[in-house]
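# Reading the structure
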Amino acid sequence: MTLRRGTKVWVEDKDSAWVAAEVVDFVGKQVQVLTSSGKKVLAVPEKLQPCDGESDLGGVDDMTKLTYLNEPSVLDNLQRRYGLNEIYTYTGSILIAVNPFTKLPHLYNLHMMEQYKGAPFGELSPHVFAVADASYRAMMSEGLSQSILVSGESGAGKTETTKLIMQYLTYVGGRALRDDRNVEQQVLESNPLLEAFGNARTVRNDNSSRFGKFVEIQFDSNGRISGAAIRTYLLERSRVVQITNPERNYHCFYQLCASGRDAETYKLGHPSNYHYLNQSKIYELDGVSNAEEYVKTRRAMDIVGINDDEQEAIFRTLSGILHLGNVEFSPGKEHDSSAIKNQQSSFHLQMAAELFKCDVDLLLATLTTRSIQTREGIIIKALDSSAAVAGRDALAKTVYARLFDWLVQKINRSVGQDRESKMQIGVLDIYGFECFKTNSFEQFCINFANEKLQQHFNEHVFKMEQEEYQREEINWSYIEFIDNQDVLDLIEKKPIGIIALLDEACMFPKSTHESFSNKLFQNFRSHRRLERAKFSETDFTISHYAGKVNYQTETFIDKNRDYVVVEHCNLLSSSRCPFISGLFPPLPEESSRSSYKFSSVASRFKQQLQSLMETLSSTEPHYVRCVKPNSLNRPNRFESSSILHQLRCGGVLEAVRISLAGYPTRKTYHEFVDRFGIIALDIMDMGYDDKTVTEKILQRLELGNFQLGKTKVFLRAGQNGVLDSRRAEVLDSAAKHIQGRLRTFLARRDFVTMRIAALSLQTCCRGYLSRNTFTAMRETAAALVIQKYFRCWLSRCAYVKLHLTSVVIQSIICGFLTRRKFLGRKEDRAATLIQAHWRMFKVRSIYRNRQHNIVAIQCLWRKKLAKRKLRRLKKEANEAGALLLAKSKLEKQLEDLTWRLHLEKKLRMSNEDAKSVEISKLQKTVESLTLELDAAKLESLNKSMALERQLDASDKKKSAFEREIVSLTELRNENAFLKSSLTALEKKNSMLESELAQAKEEASCTVAKLREVEKMCLQLQQNLQSMEEKRSNLENENHVLRQKTLDVTPRSNRTGFAKPLLDRFSGALVPSSADKKSYESPTPSKFIPPLSGGFSDSRRTKSGMEKHQGNVEILSRCIKDDLGFKDGKPMAACVIYKCLLHWHAFESERTAIFDFIIESINDVLKEGDENATLPYWLSNTSALLCLLQRNLRSNGFLTAGSQRSAGSTGMNGRLGPKSSFKYHGLDDSLSHMEAKYPALLFKQQLTACVEKIFGLIRDNLKKEISPLLGQCIQAPKIQRVHGGKSSRSPGGVPQQSPSNEWDSIIKFLDSLMSRLRGNHVPSFFIRKLTTQVFSFINIQLFNSLLLRRECCTFSNGEYVKSGLAELEKWIVNATEEFAGTSWHELNYIRQAVGFLVIHQKRKKSLDEIRQDLCPKLTVRQIYRISTMYWDDKYGTQSVSNEVVSQMREIVNKDSQNLSSSNSFLLDDDLSIPFSTEDVYMAIPAIDPSDTELPKFFSEYPSAQLLLQNHK
């Protein structure tokens, strides 16, 4: 590295690791530098690292883009981004995640997942979702399994990062088809369950994972999650029985103690009462409730499929472990024996036996004795108290370990593995490299695992480097690969590796840690990775990739031994609890012969690790390195030394060293020329391309060993410093030249200023003297004028005072006289008013008394007359006797028949002439039959008993029918009874007709009696008229009741029309024709069954079907054929409306024609070309909707209903039975006609159809414009103008011309406008569509700007601004009628781009930015733009640090408010931006009266009448 005065460097510091400094002097072989804190330091040049003095405020998102790839630059870049809450940073394909220790919900919502879904890796800002998405896309595209390795020290956020990865994978993967298992939820919910049983508080973290976890998420061929599996590694079993302050045991124990009733059930109390928990005085965690966590754990168990019995057994087992830990032993009576220490220990032993459901004596025996099987037999050996305690702890560790393994197996069985899955993504959440003051066996195993993973990581990084070099086609064969195989051989190689020696020591009972250490040093005396500790005879030090770690061997042998005590297994396998006995299956016969079975923890861990490495080797790895910024777990605190250590432990700096071994500096030719082009301006003026210019610049500086790739130049370490030094020299020379010119300019400016000042001073002196002379003369003249005016003022004041006095006296006298007159008049008026009111009161009182008396007399007189009439009627009723009985029967029968005739007449109103003839004939026939029947019944009353019984039954039914007419409250029962009554009457009528033929022979002798019956018929007719009036009143009341019952759930016979419209048409715009061919009438009139035996009905039905078929064919032709437009009117809509009006479709109570229209329109929309069909039918359906809206009048349609209930009367409300309309286009003389329920329902369906077509057009437009917008957000890299040909000063900013990408946007908008206007779409819809398209443009461009750092540049801002200017021109040309407020929809992107291209951002305050520059943008959005901005053209800075700090405080406060949205991205609005009333008000009226019918109408007979009317 070439050093010179002013060079920016990094110098080592004890507190901050590295600090920025500047070279100020050279002292011998040392360099004197001035640090950023103002301190001067002497340093050796070899220990200095180059620093980029022009680095951006927000750092770079990929550290391979750093100018100098070294430790201090990496550390400084992370610190800069962490200060801006940018916690994610790439190092190539490696993601570094710094724990923010605060909530950042805006980074992890669904909208952010949607942005990263399918985005190319590295295109958007660094994020854990990007890594997860890259692994998922690689799996789907290449068909290879992937793995994501999440590592870091305790508290770095590994577990949370793993949760986020699985959350994203379940978002993109979802659930496999026809899979009812909720795999994704079970996988996510397994985290809190495993955390409860596998996480604990450590010195550095409150929720530290004490086991390694590898989650395999399996996918099917469609990319859907089909299964999952979880593997665990090296659970820290010793923590169950031994913890140190301030750590804690596993969370599940504390949750169980705080569970309330469950704790009481298991006789548990406070954690301080239990030996396994009270070794540390920390029982609670800050901000965590053990009781609430217990509930969450139980809920997680429910989700993963653990039933209540198994849950009870799990917590029973945990309680047994706690009680077992309180069992204490004391020396027994015999030598080397032990016994229960006290009564409290006996209680806990009893509780442990009850909870384990085993014999208490047998449990005590297994803890205090051991059985040794020999050839002679079994020998029982007593254990001393220390051995009994060790056995107790071994039992507790074994039970807990097997419980944990059972949980993992249960989760795997519940989630379910897909054995047929060939693709999977594994997420490895494993402990990071650990180096404490005291490092024991656990740290040794953890660091061994990290050495293995680091080797895999190095191979991956080297492979990435090779792939980079291969893509660029450069020579890389001589690059050296850094390997740590010697450390792995030291640890795991057989037969003299550390693990092998440790297992050998564990095999001998008398082995100690001293003997193990001595043997270790004897075998590895000359190994460069192993050293003996300085102040200990047994400790050893291993030089790991992350540094040296000193291990204490005191507990190595004990922790490596994992003896399985046969007595323990036999005891618990015989437990009465199926769960506990299942944890301990019977041992094989070979194992049961020995009381102990040795198992090496290290060897087992080595095997698991080897299996893991084989799995990882078969997958494509992705790395996430989690970093803990400080040891206090506080936000906005960055401890450089600790982070640098973590970067070493995480292998990030190892990856940097691998890069340094090759070509650490790599720049695109465009970037290289942009930065170093000023070194050789003469070469740039020759017009070479960027690659040639780069090669010539490097050759001129005589730099060798560089490589030129296809798109990048690769430089060796140090070469970038040479280039920067030469660039600094050129800039210094230019600065000196500028300074010389500036000094000349300043000197001349000072001379000219002094000369002008002298002349100005002389002029001022002369002016001062002249002004003094003139002032004296003016003061003399002024004194005379003042005296004159003063005397005038004194005289005027005296006059004004006298005048005012006289006026005041006069006004007082006049006022006194006027008030006295006014009071007299007021008293007279009041007296008159009082007299008038008194006289009026007296007259009104006399009138009211007289009126009251008259009313009382009238009431008494009416009462008297009514009593007389009642007595007369009773007397007449008694005299009538049997005659009245017969009369009443005939009256009822005649009434029923007349009612039937009336209903039949109403049913056949459509053909009045034919109906009237038929009704008159039928009425005469019925009257004659009635007279003959009455005569026959009077004559044959005593002859036929069978006929009499039928008449009696008929009388009962008629009387019941009469009672139902009287009871107005049961309308539905009345309708049902009428149906059954009429059916019975028809059957009875047929029987009576046969009897009537026989009765005619006997009717000759009854002619005399018929005359008397005629008189009775006259009376019955009068009664019939009164009944008709009563029926009309009932119908009016039925209207009201019908409207009221619309809001009540209908019965089976009214389900067709009483359902809400949204329920009937949810999911599909048109109801299926297979459901119902016609609608039931919603009118409240009684259902009328058709009469049997009518020959005219069949003929009429046949003709109606033929006519209906012809109408359907006509409408089908109108919809399928393109009828076009005439004078801007859609022909199809006008023709369809005229046909419906001519066919009286709006008056029909049942019709399927409306359903056919909607279905046909939907079929056309599905089959036709969307670009042509959708605008055409948007124009036609909206026109048809407006015709219906203007001509279907709701004449009191819901008036009665609105009076009785507050039902909705809008377009989306429920429809009543009747309304009327008047068509104003064809014939103004037409009266209002009733529009039935199907017509009003058709209008609702048509409204939904218009909204659907509008939504389809909008969605298609978004799909078409999305790829165009992706190309428009970033300026293309064009060849720059070299040399001094163009001005590079910020003052003269040339406006870039928009590229072809923006031209394609303009062409797209022109095409859209031509399609819409060509189909005569109303300007209202064009305006709405254009507005929504521009809103989508605003959202897409703005979101892309905030997610891609390369877009937040000055030049890119100019590029986008020029494109927005083109859009503005298009909007102006389109006029406000069609464009509307489209320009205002671009407010967000306009203000963001405007902020990018302004100069001197550092001088702007936060208030100025929020109020003047970006009023629409939120603080979070401004903060995002400010931190991502970098000036690639002029090198200007972003906003000041004070503004950034203010915005950070506001953003942090907003992040704590979970109720508000914290996302900085914009959401797309998918709602329909108009209502039916808006369409009705905006679209002009259409007159279809002059519409010419299509020529094909003449082909259909049913359309002839319509053609004649049109002519």
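Model, not experiment: these values are computed from the prediction.

How each quantity is defined
- Numbering of residues starts from 1 in every chain and runs along the sequence as written.
- Predicted model: local features are reported for residues with pLDDT of at least 70 only, side-chain atom pairs are reported and counted for 80 or more only, and whole-chain, interface and lining totals are derived from all residues.
- Note that water and hydrogens are dropped before the side-chain values are worked out from all heavy atoms of the structure.
- By the criteria applied, helices consist of DSSP H or I runs no shorter than four residues and strands consist of E runs no shorter than two, each listed in order from the N terminus.
- Relative accessibility decides the category of a residue: with a 1.4 Å probe and only protein chains considered, values under 20% of the type maximum give buried, values over 50% give exposed, and everything between is partly exposed.
- It only takes one pair of heavy atoms within 4.5 Å for two residues to be counted as in contact.
- All accessible areas in this document rest on Shrake-Rupley with a 1.4 Å probe, and a residue is counted as covered only by the protein chains that are shown.
- Strands were regarded as paired on the criterion that DSSP finds at least two bridges between them.
- Axis geometry follows a simple rule: fit a line to the C-alpha atoms, using only the stretch in contact for helices, then measure angles between N-to-C directions, giving values from 0 to 180 degrees.
- Any angle from 65 to 115 degrees is called roughly perpendicular, while one under 35 is roughly parallel, one over 145 is roughly antiparallel, and all others are oblique.
- Here a crossing is called left-handed whenever its near helix is offset anticlockwise from the far helix by less than a right angle, and right-handed whenever the offset is clockwise.
- Residues were grouped as follows: Ala, Val, Leu, Ile, Met, Phe, Trp, Tyr, Cys and Pro as nonpolar; Asp, Glu, Lys and Arg as charged; and all remaining residues, including Gly, as polar.
- Salt bridge, as used here, is a side-chain nitrogen of Lys or Arg placed within 4 Å of a carboxyl oxygen of Asp or Glu.
- Patches were defined on residues exceeding 30% relative accessible area and lacking a salt bridge, with like-charge contacts within 9 Å and nonpolar side-chain contacts (Val, Leu, Ile, Met, Phe, Trp, Tyr) within 5 Å.
- Confidence scores here are pLDDT values: one per residue, from the predictor, ranging 0 to 100.
- Grouping buried Ala, Val, Leu, Ile, Met, Phe, Trp, Tyr and Cys residues that are joined through side-chain atoms within 4.5 Å yields what is termed a nonpolar core.
- Classification of ring pairs rests on two measures: the distance between centres of Phe, Tyr or Trp rings, Trp counted by its six-membered ring, which must be within 6.5 Å, and the angle between planes, read as stacked under 30 degrees, edge-to-face over 60 and tilted in between.
- Charged residues are defined here as Lys and Arg on the positive side and Asp and Glu on the negative side; His and the ends of the chain fall outside this count.
- To locate a charge, take NZ of a lysine, CZ of an arginine, CG of an aspartate or CD of a glutamate.

## Comments concerning the overall build of the protein
Counting secondary structure elements, the protein contains 49 helices and 28 strands. In the protein, which comprises 1511 residues, the proportion classed as buried is 47%. The contacts in the protein between residues at least 6 apart in sequence include a share of 73% that link residues at least 24 apart. Carbon and sulfur atoms form 53% of the exposed surface of the protein, whose accessible area is close to 77,800 Å².

## Concerning helix H46 (residues 1419-1428)
With ten of ten residues buried, H46 lies mostly within the body of the structure. Taken as a whole, H46 has its buried residues at Val1419, Arg1420, Gln1421, Ile1422, Tyr1423, Arg1424, Ile1425, Ser1426, Thr1427 and Met1428.

## Considerations on the sheet that holds strand E8 (residues 146-151)
Ordered in space as E6-E7-E21-E8-E17-E11-E12, the seven strands form an open sheet in which the pairing is mixed. Pairing within the sheet leaves two strands with one partner each, and these edge strands are strand E6 (88-91) and strand E12 (225-233). For this sheet the average axis-to-axis angle between neighbouring strands, irrespective of direction, equals 20 degrees. In terms of strand pairing, E6 meets strand E7 (residues 94-98) through four bridges, oriented antiparallel. In the sheet register, Tyr88 faces E7, and the bridge partner there is Ala97.

## Regarding the sheet that holds strand E20 (residues 547-551)
The strand order across the open sheet formed by three strands is E18-E19-E20, and the pairing between neighbours is antiparallel. Edge positions in the sheet fall to strand E18 (530-532) and E20, since each of these pairs with one other strand and no more. With strand direction ignored, the average angle separating the axes of adjacent strands in the sheet is 25 degrees. Along the sheet, helix H14 (residues 485-492) makes contact with E18 and strand E19 (540-544), crossing E19 at roughly 145 degrees.

## Here's the deal with the environment of Leu708
Relative to the assigned elements, Leu708 resides in strand E23 (residues 707-708). Between the C-alpha atom of Leu708 and that of Tyr669, which follows or precedes it by 39 residues, the distance is 9.2 Å.

## A closer look at the packing of helix H36 (residues 1153-1167) against helix H37 (residues 1170-1191)
One can describe the packing of H36 onto H37 by two numbers: an axis separation of 9 Å at closest approach and a directional angle of 160 degrees. Considered as vectors, H36 and H37 are oriented roughly antiparallel to each other. The hand of the H36/H37 crossing is left-handed. Across the interface between the two elements, Ile1161, Val1164 and Leu1165 from H36 touch Thr1173, Leu1174, Trp1177 and Thr1181 from H37. Here the residues of the contact of H36 with H37 sort into five nonpolar, two polar and no charged.

## Points about the pattern of salt bridges
Tallied over the full model, the rule gives 34 salt bridges. Ionic pairing is found between Lys8 and Glu22, a salt bridge with its closest N-O pair at 3.2 Å. Linking Lys8 in strand E1 (residues 8-13) with Glu22 in strand E2 (residues 17-27), this pair joins segments that are 14 residues apart in sequence. With relative accessibility at 37%, the residue Lys8 sits in the partly exposed group. Given a relative accessible area of 28%, Glu22 falls into the partly exposed group.

## Examining a nonpolar patch on the surface
Where nonpolar side chains cluster on the molecular surface, the patch consists of Ile809, Ile813, Phe816 and Leu817 and spans about 390 Å² of accessible area. Residue class for Leu817 comes out partly exposed when judged on its relative accessible area of 39%.

## Observations concerning the confidence of the model for the protein
Taken residue by residue, the protein gives an average pLDDT of 78. The fraction at 70 or more is 80%. A low-confidence stretch, residues 1040-1106 stays under pLDDT 50, and its non-local contacts, those more than four residues away or across chains, total 112 contacts. Here residues 1278-1297 is a poorly scored stretch, pLDDT under 50, and it has 40 contacts once near neighbours within four places are set aside; other chains count.

## Remarks on the pairing of E8
Of all six residues in E8, six are buried, a share of seventy percent or more. Residue alternation in E8 divides its side chains into two sets, Gln146, Ile148 and Val150 and Ser147, Leu149 and Ser151, and both sets are buried. Bridge analysis of E8 against strand E21 (residues 620-627) gives six bridges, and the strand direction is parallel. Paired with Ser151 across the two strands is Arg625, which belongs to E21.

## Regarding the nonpolar core
In terms of nonpolar packing, the biggest core is built from 224 residues, with Phe197, Phe253, Tyr400, Phe1325 and Leu1367 touching the most fellow members. With 14 residues, the top contributor of residues to this core is helix H41 (residues 1323-1347). In this structure Leu1367 touches Trp1302, Ile1305, Ile1306, Leu1309, Phe1334, Ile1337 and Leu1386, once residues within four positions along its chain are discounted. In terms of nonpolar packing, the next biggest core, distinct from the first, is built from 50 residues, Leu488, Leu502, Val549 and Leu616 among them.

## Quick look at the packing of aromatic side chains
On inspection of all chains with the given rule, the structure shows 30 aromatic pairs. Ring geometry for Phe540 and Tyr551: centres 5.4 Å apart, planes at 35 degrees, overall tilted. Placement of the pair is Phe540 in strand E19 and Tyr551 in strand E20, with a sequence separation of eleven residues. What makes Phe540 buried here is its relative accessible area of 0%. A relative accessible area of 0% places Tyr551 in the buried class. Considering the side-chain rings of Phe540 and Phe556, the 6.0 Å spacing of their centres and the 80 degrees angle between planes classify their relative orientation as edge-to-face. Here the residue Phe540 occupies a position in strand E19, and Phe556 occupies one in helix H17 (residues 556-560), the gap between them amounting to 16 residues.

## With respect to a positive patch on the surface
The grouping of Lys863, Lys864, Lys867, Arg868 and Arg871 at the surface amounts to a positive patch. The residue Arg871 is located in helix H27 (residues 719-880) in this model.

## As for the environment of Ser16
Relative to the helices and strands, Ser16 resides in the loop between E1 and E2. As a C-alpha pair, Ser16 and Phe638 span 622 residues in sequence and 9.7 Å in three-dimensional space. Once you skip the residues sitting within four places of it in the chain, Ser16 turns out to touch Leu75, Ser640 and Ser641.

## Considering unusual backbone geometry
In terms of backbone geometry, most residues other than glycine have negative phi values and most peptide bonds are trans. In this structure, Pro246 follows Asn245 across a cis peptide bond, with omega equal to 10 degrees. Among the secondary structure elements, Pro246 is positioned in the loop between E12 and helix H6 (251-257). In this structure, Ala17 is a non-glycine residue whose phi angle is positive, near 70 degrees. Within the secondary structure, Ala17 is located in strand E2. Phi is positive for Phe101, close to 55 degrees, though the residue is something other than glycine. Secondary-structure assignment places Phe101 in the loop between E7 and helix H2 (110-116). Under the relative-accessibility criterion, Phe101 is labelled partly exposed at 21%.

## Digging into the environment of Ile1157
Its place among the elements puts Ile1157 in helix H36. Not counting the four nearest positions on each side in its chain, Ile1157 is found in contact with Leu1115, Ile1119, Ile1136, Leu1140 and Phe1242.

## Some thoughts on the packing of helix H13 (residues 441-472) against helix H21 (residues 601-617)
Contact pair H13 / H21: the axes reach a minimum separation of 11 Å and the direction vectors enclose 20 degrees. Between H13 and H21, the interaxial angle falls into the category roughly parallel. H13 and H21 meet at a crossing whose hand is right-handed. Where H13 approaches H21, its residues Phe441, Cys445, Phe448, Ala449, Lys452, Leu453 and His456 are matched on the opposing element by Val601, Ala602, Phe605, Lys606, Leu609, Gln610, Met613, Leu616 and Ser617.

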